[in-house]
Amino acid sequence: MRTLKLIAVLILLPLFLGLFGVWELHRSTESIKEFADIKAELSEMHVEIEAMVAKPFSRSAKVDINGERMGVHEALSRVTQAEHELTIVQPVAGVMNNLAKGAIALGLLASLVGVLGLLGLRWAGARASHSRERLLHTFSRVSRLLPYLLVGHIVAMGAAVAAILGFEGLGLWHMGNMSTGEFKLMLVVLMLMLGFLYSIWQMGKQLPVMLHMFQSTPMSVLGQVVTPEQAPALWARVRELADQLGALAPEYIVLGMTEGFYVTSSDVNLLPSGTALKGRTLHVPMMYLGLLDSAETGAVIGHELAHFAGADTEYSLRFVPIYEGIGRSLGVIAETMLQSDVLQRTTLWPAFMLGEYFMERFDHAVNHWSRVRELAADAAGAQLAGNIAIASALVRISAIDPLLQQCLFTRVSQATNPGAGYVPPHDLPISVVQELAAQPLTLPEEEMAASLPHPSDTHPSNLERLASLQVTVEEAVSRGTRPINAAQACAAMDNYFADPQALRARITEDFLGHYVEQDAAIVQELRSHAGNATEEVRLHEGARLRGWITLGCFSFFMLLGLGLLVLPYLLPQVFVDANSTMKLVGILLLICMAFLLPLSLRMLTRANKTALLLTPEHFVFANFKAPLPIRHVADFGLQVGQGVHLNLLLEDDAPMPELASRSFFSPDAKLNRKKRWVQLHLLQICRDDKKLKDQELADLIGTYLNAGTARHLLQQRFEQA
């Protein structure tokens, strides 16, 4: 479906503009030929009439021009005026001809760019599957060229539309006197053209976003950089493993709490310090240094360092950072689109679609080579520590990680929403390891089909990796799910650092402090939303004037119908011939008015009745047995046409509202149980007898929805505390 949309936007739409330009070119060519014939005919007439004027008694001479007989002097004046008008319309026709040619060229150019872009992406995606070198070369080249092609497509499309509008505006100019209405219409069309050109100029604000859409964006990592002085044993072990593999050693080691082992060459934005890291970075989850034994730790770190060894080095250093960064850039563009106006969103939409399509064309090749390089890295880790060590590490991490994440989630929840008597922990790694030691390690069967958590690569399944290592599941599970000895784990973890207690305290403070600060910002935003809607607002239809007008009109036609029925009986001698016709028309009018009059009465009776009452916690509808809690509303939408349709989408787990008896003369809401929509349909929606514009209504509903949801979330938070 996305491919079809791209074909429509990038190829078919500009092709249609080009074809429209062909039609305009045909019209302008015909006009130019017609004006040339008229000019030749006028020149001939001019010479003949001048000769007649020069003769004696010319004032009495008469000539026929377009069937009108007139004196030769008046005829000469008209021919001269027509020749003067031709001096204006002929250049205009020439400009129109050029605009039509421009529309054709620009439309075909944009369509050609679209064809080349889509075919080029298909070719590049297929070529990337042949080798990692081709993937790297093709991806890099396409990521550099594609933004410029896309910008060229947008500019060509915009200019083509402007040329078409300019042609149609100038096409209103004609010979002879032009009316005021024709001048106004021409000016309106030309103003539209200028407005469109201005919009294109405004689109220039988005060009930097599109030109940089395929540039790498730094990845955010929560952790603490450790130097060789702070972690002498860890750095020594990492460098030893790198030497054994013939791999490039990392330039930075970052200790984290939640994510797993991984290496990256992407630019890193280190949180919460905001430090920027450029170069090779090894991320090490601190607690796993004690939860894994020495052989397992060496195997896992060796696996990661293998990405900087041999043929995988260039791929890891050049391709992976670009690929990861583009994925993050598309996320930035999506956020930009949400915060932009309609024109900017429309401009960025093809760019975002093409960016997604670009990534999709390479996904298959990237996934293929990711699997190949992960299995090769497993083999490298096994070469250092043995197959059973890397296999048991995979299983152990898979078994521990859910428990570890739950422990950390609990600690973060307690820190961000502290209850009475809460004491902040000062040594999170030690307390979490001790808590994990009290729990048995198990590995559900479905975990063997899962991949290890990793911020960028698509890892093969654990089962596939064990098969590649030639280690049985039973053997790996038996060794990987051995109990955790808290004392041994803590001692092993501390052995890597010069001052482990100070480092653990700092990491604990940074980790919890980051989430506390993040949570405080969220709470502040929720409180801001919660304070925006504190009073009740009554919305009603307010179509009283329309009701009176239609009531008057319908009443008049009803009286007219009655008159047409009665008059033939009162004055039979006058309406002898039209008796049956008048009766038929009268009956039809009475029947129509019998259906239409209740609609007028309906508008009058429900004009000031409350259709929707907005309260801080509920949406109250006239025909609902109970108010609808705002927390039960997932989203809302407005449809304009034949009145205003306000649609509220209910949450999946929200109970369906119960309807009371409906009344034709009340503003009742409808309920679509299948789609879980509540719909209120009114001719218009007013507040305090003032009609609300569509945007005003959307802002009002959105404000109350956000405020009610914010209050509910805050209430839940305080109840938990």
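Since we're looking at a predicted model, the values are computed, not measured.

Parameters and conventions
- Residues numbered from 1 in each chain as written.
- Predicted model: local features only at pLDDT ≥ 70, side-chain atom pairs only at ≥ 80, totals over all residues.
- Heavy atoms only, no water.
- Helix = DSSP H or I, 4+ residues; strand = E, 2+ residues; numbered from the N terminus.
- Buried < 20%, exposed > 50% of the residue type's maximum accessible area, 1.4 Å probe, protein only.
- Contact = heavy atoms within 4.5 Å.
- Pairing = 2+ DSSP bridges.
- Axes fitted to C-alpha atoms, helices over the stretch in contact; angles between N-to-C directions.
- Core = buried A, V, L, I, M, F, W, Y, C linked by side-chain atoms within 4.5 Å.
- Patch = residues over 30% accessible without salt bridge, like charges linked within 9 Å, V, L, I, M, F, W, Y side chains within 5 Å.
- Areas by Shrake-Rupley, 256 points an atom, 1.4 Å probe, with all protein chains shown as cover.
- Salt bridge = Lys/Arg side-chain N within 4 Å of Asp/Glu carboxyl O.
- Phe/Tyr/Trp six-rings, centres within 6.5 Å; stacked < 30°, edge-to-face > 60°.
- Lys NZ or Arg CZ within 6 Å of the ring centre and 35° of its normal.
- Parallel < 35°, antiparallel > 145°, perpendicular 65-115°, else oblique.
- Nonpolar A, V, L, I, M, F, W, Y, C, P; charged D, E, K, R; others polar.
- Lys, Arg positive; Asp, Glu negative; His and termini not counted.
- Charge placed at Lys NZ, Arg CZ, Asp CG, Glu CD.

Draft legend 1. Structural view of the overall build of the chain. Looking only at helices and strands, the chain has 19 helices and 19 strands in total. Out of the 721 residues belonging to the chain, those deemed buried represent 44%. Across the chain, the fraction of contacts at a sequence separation of at least 24, relative to all contacts at a separation of at least 6, is 77%.

Draft legend 2. Region of interest: the sheet that holds strand β9 (residues 281-285). What the four strands build is an open sheet, ordered β4-β5-β9-β6; its pairing is mixed. Looking along the sheet, the strands with just one partner apiece sit at the ends: β4 (224-226) and β6 (262-264). Ignoring strand direction, the axes of neighbouring strands in this sheet form an average angle of 30 degrees. Of the pairings in the sheet, the one linking β6 to β9 comprises three bridges and is antiparallel in character. By the bridge assignment, Tyr-262 is partnered in β9 with His-283. Strand contacts of helix α16 (residues 500-530): β4 and β5 (252-256), with the helix running at about 155 degrees to β4, the strand carrying the most contacts.

Draft legend 3. Seen up close, the nonpolar core. Within the largest apolar cluster, 55 residues are counted, with the highest numbers of intra-cluster contacts made by Leu-234, Leu-255, Met-287 and Phe-497. When residues of this core are assigned to their parent elements, the largest contribution, eight residues, is made by helix α11 (residues 387-416). Non-local contacts of Leu-234, meaning those with residues more than four positions away in its chain, are made with Ile-253, Leu-255, Leu-289, Tyr-496 and Phe-497. The next biggest cluster of nonpolar side chains, apart from the first, holds 29 residues, and it includes Val-537, Leu-539, Ile-630 and Ala-669.

Draft legend 4. Spotlight on the environment of Glu-30. Its place among the elements puts Glu-30 in helix α1 (residues 2-54). Counting along the chain gives 63 residues from Glu-30 to Ala-93, while the straight-line C-alpha distance between them is 9.8 Å.

Draft legend 5. Inspection of the sheet that holds strand β17 (residues 677-682) at higher detail. If you trace the four strands from one edge of the open sheet to the other, you get β14-β15-β17-β16, paired in antiparallel fashion. Pairing within the sheet leaves two strands with one partner each, and these edge strands are β14 (633-640) and β16 (669-672). Across the sheet, the axes of successive neighbouring strands diverge by a mean angle of 20 degrees, strand direction being ignored.

Draft legend 6. A look at a nonpolar patch on the surface. On the surface, a nonpolar cluster with roughly 430 Å² of combined accessible area is contributed by Leu-12, Leu-15, Leu-19, Val-22 and Leu-108. No other element matches α1, which puts four residues into the nonpolar patch. Along the chain, the position of Val-22 falls in helix α1.

Draft legend 7. Structural context of the packing of aromatic side chains. Throughout the structure, instances matching the rule amount to seven aromatic pairs. Judged by centre distance (5.5 Å) and plane angle (70 degrees), the ring pair of Phe-556 and Phe-557 falls under edge-to-face. Following the ring pairs from residue to residue traces out a cluster consisting of Phe-16, Phe-20 and Trp-23. The ring of Trp-23 carries Arg-27 above its face, with NZ or CZ at 4.2 Å from the centroid.

Draft legend 8. Main features of the pattern of salt bridges. In this structure the tally under the stated criterion is 14 salt bridges. Among the salt bridges present, the one from Arg-465 reaches Asp-378, with a minimum N-O distance of 2.8 Å. Here the residue Arg-465 occupies a position in helix α13 (residues 462-469), and Asp-378 occupies one in helix α10 (residues 342-385), the gap between them amounting to 87 residues. Here Arg-465 falls in the buried class, since its relative accessible area comes to 2%. Across the pair Glu-535 and Arg-687 runs a salt bridge whose closest N-O atoms are separated by 3.6 Å. Taken together, the residues span a long stretch of sequence, with Glu-535 in the loop between α16 and β10 (537-540) and Arg-687 in strand β18 (residues 686-687) at a distance of 152 residues. Using a relative accessible area of 28% as the deciding quantity, one classes Arg-687 as partly exposed. A network of salt bridges, in which partner residues are shared, links Asp-293, Glu-296, Arg-479 and Arg-482.

Draft legend 9. Looking closely at the pairing of strand β11 (residues 610-614). Alignment of β10 against β11, held across four bridges, turns out to be antiparallel. Of the residues in β11, the one forming a bridge with His-540 is Thr-610. Summarising the sheet, β11 and strand β12 (residues 618-621) pair through three bridges and their orientation is antiparallel. Bridging from a neighbouring strand, Leu-614 pairs with Phe-619 of β12. Counting the residues in the hairpin turn of β11 and β12 gives three residues.

Draft legend 10. Quick look at the packing of α11 against α13. Here α11 crosses α13 at 170 degrees, and the two axes come no closer than 10 Å. The orientation of α11 with respect to α13, classified from their angle, is roughly antiparallel. On α13, the residues that touch Asn-387, Ile-390, Ala-391, Leu-394, Val-395 and Ser-398 of α11 are Asn-462, Arg-465, Leu-466 and Leu-469.

Draft legend 11. The packing of helix α8 (residues 294-305) against α11, seen in detail. With their axes 8 Å apart at the nearest point, α8 and α11 run at an angle of 90 degrees to one another. Put simply, α8 runs roughly perpendicular to α11. Together, Ala-295, Glu-296, Ala-299, Val-300 and His-303 of α8 and Ala-389, Ile-390, Ser-392, Ala-393, Arg-396 and Ile-397 of α11 make up the contact between the two elements. Class assignment of the residues belonging to the contact of α8 with α11 gives a composition of seven nonpolar, two polar and two charged.

Draft legend 12. Just the side chain of His-632, in detail. Mapping His-632 onto the fold places it in the loop between β13 (628-629) and β14. The class of His-632 is buried, set by a relative accessible area of 16%. Setting aside anything within four residues of it in sequence, one finds His-632 in contact with Leu-649, Leu-650, Glu-651, Ala-654 and Pro-655.

Draft legend 13. Looking closely at the pairing of strand β15 (residues 644-650). For β15, a buried count of six out of seven residues is recorded, marking the element as mostly surrounded by other parts of the structure. Inspection of the sheet shows β14 paired to β15 by seven bridges, in the antiparallel sense. Residue pairing for β15: Leu-638 is matched across the bridge by Leu-646. As paired elements, β15 and β17 share six bridges and run antiparallel to each other. Each bridged residue has a counterpart across the sheet, and for His-645 the counterpart in β17 is His-681.

Draft legend 14. Expanded view of a negative patch on the surface. The grouping of Glu-30, Glu-34, Asp-37, Glu-41, Glu-44 and Glu-48 at the surface amounts to a negative patch. As for its placement among the helices and strands, Asp-37 is situated in helix α1.

What is shown is where atoms sit, not what they do.
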